[in-house]
Structures are given as structure tokens and as C-alpha cells.
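Working through the structure, step by step
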Amino acid sequence: MIEAKVENTIGRHKDWQPKILAFLCNWCSYAGADLAGVSRIQYPPNIRVVRIPCSGRVNPIFILKCLQNGFDGVLVSGCHPGDCHYISGNYVARRKFAVLKTLLEFMGLEPGRVQFSWVSAGEGEKFAQVVTKVTEDVKKLGPARKLVRNLEPTETKY
Amino acid sequence: MADVEQVLRETVRKLLQEQKVCRVIGYARGSSALRSTPVFIEDEKDADSLVFDITCGNNLTQYLKKCGKAGDGRVGIVAKGCDGRAVVQYIAEGQVKREGILIIGIPCEGVLDHRKACDKTQGREVSEYRIEGEKVVLKGKDFEVSLDKFDVLSDSCRRCRYPSPPVHDVFITEPKEAASQEPECKEFDEFEKLDASERWAFFENEFSKCIRCYACRNACPMCYCEECFVDQSNPQWFGKSTDLSDTMIFHIVRVLHTAGRCVDCGACERACPLGINLGLLNKKVEKEIQERFGYTSGLDPDETPAMAAFDEEDKQEFIL
Ligand code: SF4
Ligand code: SF4
Ligand code: SF4
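Residues numbered from 1 in each chain as written. Chains lettered and ligands numbered in written order. Predicted model: local features only at pLDDT ≥ 70, side-chain atom pairs only at ≥ 80, totals over all residues. Heavy atoms only, no water.

**Re the overall build of chain A**
Filter applied, for reference: In DSSP terms, a helix is any run of H or I states spanning at least four residues, a strand is any run of E spanning at least two, and both are numbered starting from the N terminus. Summary of the burial criterion: residues with accessible area below 20% of their type's maximum are buried, those above 50% are exposed, and those between are partly exposed, where the area comes from a 1.4 Å probe applied to protein chains only. Between two residues, a contact is recorded if the distance between any of their heavy atoms is within 4.5 Å. Methods summary: accessible areas were calculated by the Shrake-Rupley approach with a probe of 1.4 Å, and residue burial reflects only the protein chains presented.
A count of helical and extended segments in chain A gives 5 helices and 4 strands. If you list the helices and strands of chain A from N to C, you get α-β-α-β-α-β-α-β-α. Across the 158 residues that make up chain A, the buried fraction comes to 52%. Taking the intrachain contacts of chain A between residues at least 6 apart in sequence as the baseline, contacts between residues at least 24 apart amount to 84%. Put simply, chain A shows about 7,900 Å² of open surface, and 54% of that area lies on carbon and sulfur atoms.

**A closer look at the sheet that holds strand β4 (residues 114-118) of chain A**
Residue and element names in this part refer to chain A. Quick note on the threshold: Any two strands are treated as partners once DSSP identifies two or more bridges connecting them. Axis lines are fitted to C-alpha atoms, over the contacting stretch for helices. Their N-to-C directions set the angle, which ranges from 0 to 180 degrees.
Taken together, the 4 strands give an open sheet; going across it, the order is β2-β1-β3-β4, and neighbouring strands pair in parallel fashion. Looking at the sheet topology across the chains shown, the edges are occupied by β2 (47-52) and β4. On average, adjacent strands in this sheet sit at an angle of 20° to one another, irrespective of strand direction. Note: strand β1 (residues 20-25) against strand β3 (residues 73-78), 5 bridges, orientation parallel.

**Considerations on the site of ligand 2**
How we decide: Near is defined per residue: the residue qualifies when any heavy atom it owns lies within 4 Å of the molecule or strand. Polar here means any residue other than Ala, Val, Leu, Ile, Met, Phe, Trp, Tyr, Cys and Pro, which are nonpolar, and Asp, Glu, Lys and Arg, which are charged; Gly is therefore polar.
Taken together, B:Arg217, B:Cys223, B:Cys225, B:Cys228, B:Phe229, B:Arg254 and B:His257 are the residues near ligand 2. Of the residues belonging to the shell around ligand 2, the class tally is 4 nonpolar, 1 polar and 2 charged.

**Let's talk about the site of ligand 1**
All residues adjacent to ligand 1 are B:Cys220, B:Pro221, B:Arg254, B:Cys262, B:Val263, B:Asp264, B:Cys265, B:Gly266, B:Ala267, B:Cys268 and B:Asn282. Here the shell around ligand 1 is built from residues that sort into 7 nonpolar, 2 polar and 2 charged.

**So, the domain arrangement of chain B**
All names here are of chain B. To keep it simple, the criterion reads: What counts as a domain boundary in this text is fixed by an automatic or database domain assignment. Buried area: the sum, over both parts, of the accessible surface (1.4 Å probe) that disappears when the two are put together. The salt bridge criterion pairs a side-chain nitrogen of Lys or Arg with a carboxyl oxygen of Asp or Glu, the two atoms within 4 Å. Whenever a nitrogen or oxygen atom comes within 3.5 Å of another N or O atom, the pair is scored as a polar contact, on the condition that within protein one atom can donate a hydrogen and the other can accept it, and that pairs from neighbouring residues in sequence are kept only if both atoms are in side chains.
Under the domain assignment used here, chain B contains domain 1 (2-113 + 153-308) and domain 2 (114-152). Computed from C-alpha atoms alone, the centre-to-centre distance between domain 1 and domain 2 is 24 Å. In this complex, domain 1 contributes 18 residues to the contact, which on the side of domain 2 involves 15 residues. Buried surface at the junction of domain 1 and domain 2, summed over both partners, amounts to about 1,500 Å²; 54% is from carbon and sulfur atoms. Among the residues of domain 1 in contact with domain 2, Leu34, Asp113 and Arg158 are the three that bury the most area, contributing 38% of the side total. Counting every contact that joins domain 1 to domain 2 gives 2 salt bridges. A salt bridge links Lys149 to Glu109; its shortest N-O distance comes to 3.6 Å. The interface formed by domain 1 and domain 2 includes 15 residue pairs in polar contact (both at pLDDT 80 or more). Here the side of domain 1 that touches domain 2 is composed, by residue class, of 9 nonpolar, 3 polar and 6 charged.

**Notes on the packing of aromatic side chains**
Rules: Any two of the Phe, Tyr and Trp rings considered here, Trp counted by its six-membered ring, make a pair once their centres fall within 6.5 Å; the pair's planes then place it as stacked at under 30 degrees, edge-to-face at over 60, or tilted in between. Criterion for a charge above a ring: Lys NZ or Arg CZ within 6 Å of the ring centre, and within 35 degrees of the ring normal.
Going through the model one piece at a time under the given rule, you end up with 21 aromatic pairs over all chains. Ring geometry for B:Phe40 and B:Tyr63: centres 5.4 Å apart, planes at 90°, overall edge-to-face. Taken together, the residues B:Phe40 in strand β2 (residues 36-41) and B:Tyr63 in the loop between β3 (50-51) and α2 (64-67) connect sequence positions 23 residues apart. Between B:Phe202 and B:Phe203 the ring centres are 5.3 Å apart and the planes differ by 80°, which places this aromatic pair in the edge-to-face class. Its relative accessible area of 26% is what places B:Phe202 among the partly exposed residues. The rings of A:Phe106, B:Phe188, B:Phe191, B:Phe202, B:Phe203 and B:Phe207 are connected pair by pair, giving a single aromatic cluster. If you follow B:Lys65 out to its NZ or CZ, it ends over the ring of B:Tyr224, 4.8 Å from the centre. When the ring centre of B:Phe150 is taken as reference, the NZ or CZ atom of B:Arg158 above it lies at 4.6 Å.

**Some thoughts on the packing of helix α4 (residues 89-107) of chain A against helix α12 (residues 279-293) of chain B**
The relative placement of two packed helices comes down to the angle between their axes together with the axis-to-axis distance. This is how it is decided: Note on terminology: angles under 35 degrees are roughly parallel, angles over 145 are roughly antiparallel, angles of 65 to 115 are roughly perpendicular, and the others are oblique. Take the far helix as your reference; a near helix turned counterclockwise from it by less than a right angle gives a left-handed crossing, and one turned clockwise gives a right-handed crossing.
In contact at an axis separation of 10 Å, α4(A) and α12(B) are set at 135° when each is read in the N-to-C sense. Accordingly, the angle class assigned to the pair α4(A) and α12(B) is oblique. Crossing of α4(A) over α12(B) shows right-handed handedness. Only B:Leu280, B:Leu281, B:Lys284, B:Val285, B:Glu288, B:Ile289, B:Arg292 and B:Phe293 of α12(B) make contact with α4(A), whose side of the interface consists of A:Arg95, A:Ala98, A:Val99, A:Thr102, A:Leu103, A:Phe106 and A:Met107.

**A few points about the interface of chain B and chain A**
The interface is formed by 45 residues belonging to chain B together with 40 residues belonging to chain A. Taken together, the two surfaces of chain B and chain A that pack against each other cover about 3,800 Å², and 73% of this comes from carbon and sulfur. The salt bridge involving A:Arg95 is made with B:Asp314; its shortest N-O contact spans 2.9 Å. Where chain B meets chain A, there are 18 residue pairs in polar contact (both at pLDDT 80 or more).

Laid out in C-alpha cells, this is it:
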């Protein structure tokens, strides 16, 4: 089957590396990532970071758009409960993420594609662990196949 | 339903006469035997056009915001269980004021899914119907079929727990008790047992039929946004292509927007010209919100909706 072939050539390509988008909140997780950096803690280079003011700023559609446009996984990370710079942003985010995750998994999306974590500004070590775990999980799943935009560029005819 | 209709007309006439309401939203006979249409009654003489039966599937709550102006007086609304819950949700969300609405509760026996009826009559036009106990008899030119009512009910009515509005000002005949627990829903339970790839394939197949007419959104009382995210162009979050991924994202986001607000009235599903199964996703989210946050939409006008609230103790087993 053609489909199976595509899966084989792309899915198991030896050079394939997952691309993961990480939404990190400005006050905790982004600083945690910074700390991991200045402490020279090693972690996989698969994440691309977008800094956001608060995990509560993440609209679920951001996550869906990432998957649609070529990311193999998405991580959203914010402050631990009780530490939110805006008092309750992460509590509200927690409810949103719980529903989003349940819904996507109910539809049949692989559980590891979209992940959430709390990382504080002092947890450089934890940040590295989270990124390692998410990268490993997504590697196991292979390239994203669901919700991906399939539009082929149309050939211009002159 | 004949006496329910009579009491309804009588009640509405009186409400208008006594100027307790300025206008009543209800149902009138539609363009064919199995269709009803929303109607806005301001003159007591028109009260006789009101009907209530198995064809009254629209959720009338969506008209509440559009048909009342300040200083107009109270607006009456004929409310089945789900319309009533939607009104309660409107009050909880601050969309209407309790004192501006007069809820006319009506006992609901479930509403028809036209697609199911159409299947049973092989698409022939029905010119008359009648209810005989648990049977629905459909009659047309040269044919008459007697069907089990359950077989032609909407999915959401089959699993309905609240047949009467939880809050009402007057009630036509007697309210029906809510079921003490969630009625079982075999279709849903069985679907949940399928494995992930089968579920994904099911939704891909369903949503690949979608022509993005947005009838589901327009029929939904909870989709009252002035500008829907699919219509926004600056920034344009939502892709307009015919690619399946765009359609799937529309459906995922629609369900997320109605999370903890959807009253499972099934109006979206009945409005869909392609008969796409929208109820499964609605139901899943509703269940999750009940289990996780202990919240059911449309029951208590004073409770903050689940997605606008939080609890420090919310479970977070999925967070690293
Ligand atoms: S999403 Fe569908 S079932 Fe839920 S309230 Fe809207 S129309 Fe009713
Ligand atoms: S789909 Fe979302 S944005 Fe659009 S009308 Fe419904 S709730 Fe509003
Ligand atoms: S009503 Fe049906 S076809 Fe129209 S947008 Fe909704 S799901 Fe798609």
C-alpha cells in the first residue's frame, strides 16, 4: 500500500528528528529554561520556544495550529499552582488543558503529542528532564500524521 | 399533545392580555407536516398559531438575545428541558437578566430526527403524522408506516436526563421529573471502547463530509458570539481552505467553545444538512466536565460556569 510506504520512508527515516513547539511562560518556565542554559545542563535540541506572558494565554487553537503546520509535538509549560504572576492564570489554563487533552485523545490523537508541565524559575534541572521526556515520547510516536495540513503546493501552469 | 397545545395557547393568550409579557417565542406549524418554525407572538389573537409536538426541534433560546430590547417588557419563551437549560446558562453567563424572561415550561417527549424518519420512508414526503402511544405513524401519498418512536428520536433526546426546564415561571400541565442519574447511552459507551485509530478514522470520515456551512453553529444557542473565530480575518486564526485539517480544527474549537455550556439539545446535529455526528464530541466534553469539575450546565443560574471558574484542588494528573 502506498500509505504504508510513505509511513516507512518518512516515519523511520534515520535522520528524522521531531520538531516540538514549547510555549513557556515568561515568569517561570522561560526563566527555568534560561537557568538550564546558564547552568550548562544538556537537553535535546528539538524544541523551538515561544515565550508567552502566562500559560493562561495559550488558546487551544495555538496548539492545534502547531500540529496542523508541521510540528510533531507541543509542550506548554507554566508556573506551579499558587505561583502564577497573575494569581490564577495557570489554574484557568489547567482546566482548559484538561478538556483539550481529553477531547483530542477521545478523537484518537496520540496522548504524547500534546503535553503540559509546571516548571519554576529555579528548576533548570526539571526543565531539562521535561524536554527530554517530551522529545523521547514524540520520537517514539514518529512524525505527526493527524491534523496535519496536507495541501500540496499547486503547480503554476503558464 | 392536543391538550398541551390548548393549555399553551390559553396561557400565552392570558399572559399577553395581562401584559405580563410583551412577546412570546414559540413554535408554529412549518412548511411541511414534520416541520415546525419558530414564531414570535405579540398579539393575543395570534396565540392560536402556537403548536407543540415532536417536530419542535429548534432551540428557541438563541432568539432571546435578538428579540428583546431594553424597556420592552418581559419576553416569554416556550421551553422544553433543553431550551430551559440554555436559558439558565444565558442567565449564568450574564447574557440575559432573569427578570426580563418568563419561562413557559412545557413537558417534552423528545423531538424527531428528520434524517431517521426520512430513512424509514425512503425519502417519500410525509403529509400527515400522528402519535399512537409509543408509535409514530407517518402518512403520505400511497403509503403509511408505523414506527417505534424511539427509532426516530434525536440521539440527544434518547439520552436526555432533564425533560423539563430546571427553572420556570409557569408550566403547561405538569413538569416531568429529571432522571436520578445519567441515562445510559449505548452508542457512546461502545464508541469509547474502539481503539484510537478507529476513533480517528470515524471522525475523519464524519468531518470530511462537512461543507462548512456553519448551520450547526447558527442553530446553537451557545454560539452567540458577535464574531465567530471562523469569520475573523485579523488575525486569521482559522484556515479557509477545504483541507480536512481546517475542518477538523473548526469542529474541535467549536466543541471547546461550548465546553461546560452545551446543554446537549442536539439542535446542531439536527441542523446539519450532512447528518454529521456532532453529539459524540459534545457528550464527551460534557461528561468530562461533570466528572472532573462536578459541573452540569444549565441547572443553576447562580453558579459560575466550569470553564470560567477554577478550584485550587483541580486534578492535574496529566501535568508533568
Ligand atoms: S453544541 Fe449542539 S447540543 Fe450543545 S447547546 Fe449547542 S446546539 Fe445544543
Ligand atoms: S464556534 Fe466559538 S467563536 Fe464561533 S460562535 Fe461558537 S462559540 Fe463563538
Ligand atoms: S452544519 Fe454540518 S456541514 Fe454545516 S458546518 Fe456544521 S457540521 Fe459542517
